[in-house]
Amino acid sequence: PARPKRSILQKLRPVLRLIKLTVRVLLWDPLRRRSREWRAEDGTPWEQFCRGLLYRLTFLPIFVALAVAAMVYAGTHPRQQTNELDPSSQGIYYDPVTLRSEDGVRLEAWIVPVFEASQILRDKETVLRAKQPAVLLLHDYAQNRQQMLPLIRPLHDAGFVVMSLAFRGCGPSAPAGSTFGLLESNDVRTAVSALRRCNFVDAKRLAIVGVGLGANAGLIVAANDPSIKTMVLDHPGQSGNQILDDLIGPRQGSLYWMQPMCKWAFELVYQVHTDDLNMSKYGGLM
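About the thresholds
Residues numbered from 1 in each chain as written. Predicted model: local features only at pLDDT ≥ 70, side-chain atom pairs only at ≥ 80, totals over all residues. Heavy atoms only, no water. pLDDT = per-residue confidence, 0-100. Contact = heavy atoms within 4.5 Å. Pairing = 2+ DSSP bridges. Helix = DSSP H or I, 4+ residues; strand = E, 2+ residues; numbered from the N terminus. Axes fitted to C-alpha atoms, helices over the stretch in contact; angles between N-to-C directions. Parallel < 35°, antiparallel > 145°, perpendicular 65-115°, else oblique. Nonpolar A, V, L, I, M, F, W, Y, C, P; charged D, E, K, R; others polar. Buried < 20%, exposed > 50% of the residue type's maximum accessible area, 1.4 Å probe, protein only. Salt bridge = Lys/Arg side-chain N within 4 Å of Asp/Glu carboxyl O. Phe/Tyr/Trp six-rings, centres within 6.5 Å; stacked < 30°, edge-to-face > 60°. Lys, Arg positive; Asp, Glu negative; His and termini not counted.

1. Let's talk about the confidence of the model for the protein chain
- With 84% of its residues at a pLDDT of 70 or more, the protein chain shows a mean pLDDT of 84.
- This stretch, residues 34-38, has a pLDDT under 50; its non-local contacts, to residues over four places away or in other chains, come to three contacts.

Take a look at the structure:
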């Protein structure tokens, strides 16, 4: 026989039970005693109100900690854009490469040599022995390497070896939280080292083109790498505090007091220092 249809109240009964249980947990008084000598309800109405208010305020640090953790996670794990294009969509030959960063994160990149396969077959070893300058393309926060795709064709035609890197947590690279260029600098060092090892790359003529997060990561690496001769930085973050204010912390004036806690949680979780994102530290390099 067909089952009788359940009423709306019957369908909502599990939800109501969950709400009831939640309310009981929040209002449970661990200090309540059954002894008649002392009870939480004793005292004047004002004293009872103050005791109840102070007891419920003990939950405030827990809610604040959960809110800070949620904001840090949301800010460091932006929604990824899906785009399956690659240099072959522009008729350019490329090699997909897999790299391993200094801290063990798997990275994916495209490397586009200067010469096409037909030229290699025609000129053979003469082409392979020639060393060319290289450009490393670094995308922005919440983007992927497809963002830099329009630059590959003109740089390739101008005679540069081109590598476009997918930062950690972006595209096919290993999942990880974004640190706005701090830990991503390890990815840049790995990519620069990979370019130096290529037989057709002139290790003394390397350039970086970075946007936003990629600009900050490239700047951190170039500060200690004299082989990077040229940088093109498109709207890098000016200070670490400003980046965290824009991407992690609450923007409402009434909640601005949570900004220092968001910064502290971010630095604690990822073991970084936001001061390394301040452009003022790299004045001499620029």
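Still more to cover.
2. Focus: the sheet that holds strand E6 (residues 228-234)
- In space, the six strands of this open sheet follow the order E1-E2-E4-E3-E5-E6, with mixed pairing throughout. Each having just a single partner strand, strand E1 (95-100) and E6 make up the two edges of the open sheet. Between one strand axis and the next, the sheet turns by 25° as a mean value, whatever way the strands run.
- Bridging between strand E2 (residues 106-112) and strand E4 (residues 161-166) involves five bridges; their strand directions are antiparallel. Each bridged residue has a counterpart across the sheet, and for Val-112 the counterpart in E4 is Val-162.

3. A few points about the packing of helix H9 (residues 240-247) against helix H10 (residues 259-270)
- H10 packs onto H9 with a crossing angle of 105° between their chain directions and a minimal axis gap of 10 Å. On the basis of the axis angle, H9 is roughly perpendicular to H10. Of H10, the residues touching H9 (which contributes Asn-241, Leu-244 and Asp-245) are Gln-259, Lys-263 and Phe-266.
- Of the residues that constitute the contact of H9 with H10, the class distribution is two nonpolar, two polar and two charged.

4. A few points about unusual backbone geometry
- A positive phi angle is found at Phe-180, which is not glycine, with a value near 65°.
- Of note in the backbone geometry, Gln-271 takes a positive phi value of approximately 55° without being a glycine.
- Of note, Gln-271 is situated in the segment after H10.
- Residue class for Gln-271 comes out exposed when judged on its relative accessible area of 63%.

5. Considerations on the pattern of salt bridges
- Enumeration according to the criterion identifies seven salt bridges in this entry.
- Between Arg-168 and Asp-103 there is a salt bridge whose closest N-O contact spans 2.8 Å. With Arg-168 in the loop between E4 and helix H7 (184-197) and Asp-103 in the loop between E1 and E2, the pair connects residues that are 65 residues apart, well separated along the chain.
- Overall, the relative accessible area of 39% leaves Asp-103 in the partly exposed class.
- Here the salt bridges share partners, and the residues they tie into one network are Asp-103, Arg-168 and Asp-187.

6. Focus: the packing of aromatic side chains
- This model, assessed by the stated rule, comprises four aromatic pairs.
- Note on Phe-180 and Phe-266: the rings are 5.5 Å apart at their centroids and 35° apart in plane angle, and the pair reads as tilted. Of this pair, Phe-180 sits in the loop between E4 and H7 while Phe-266 sits in helix H10, placing them 86 residues apart in sequence. Of the two residues, Phe-180 and Phe-266, neither departs from the other in class, the shared state being buried.
- A ring pair is formed by Phe-266 and Tyr-270, whose centres lie 5.5 Å apart and whose planes are at 50°; its orientation type is tilted. Placement of the pair is Phe-266 and Tyr-270 together in helix H10, with a separation of four residues, close to one helical turn.
- Taking the relative accessible area as the measure of exposure, Phe-266 reaches 0% and is therefore buried.
- On the accessibility criterion, Tyr-270 (16% relative accessible area) is buried.
- An aromatic cluster is present here, built from Tyr-141, Phe-180, Phe-266 and Tyr-270 joined pairwise through their rings.

7. Side note on the side chain of Asp-86
- Mapped onto the fold, Asp-86 is located in the loop between helix H3 (60-76) and E1.
- Summary of buried charges: Asp-86 has no salt-bridge partner, and the nearest side chain of opposite charge, Arg-145, is 7.8 Å away.
- Dropping the residues within four chain positions of it, Asp-86 is found in contact with Tyr-94, Trp-110 and Leu-149.

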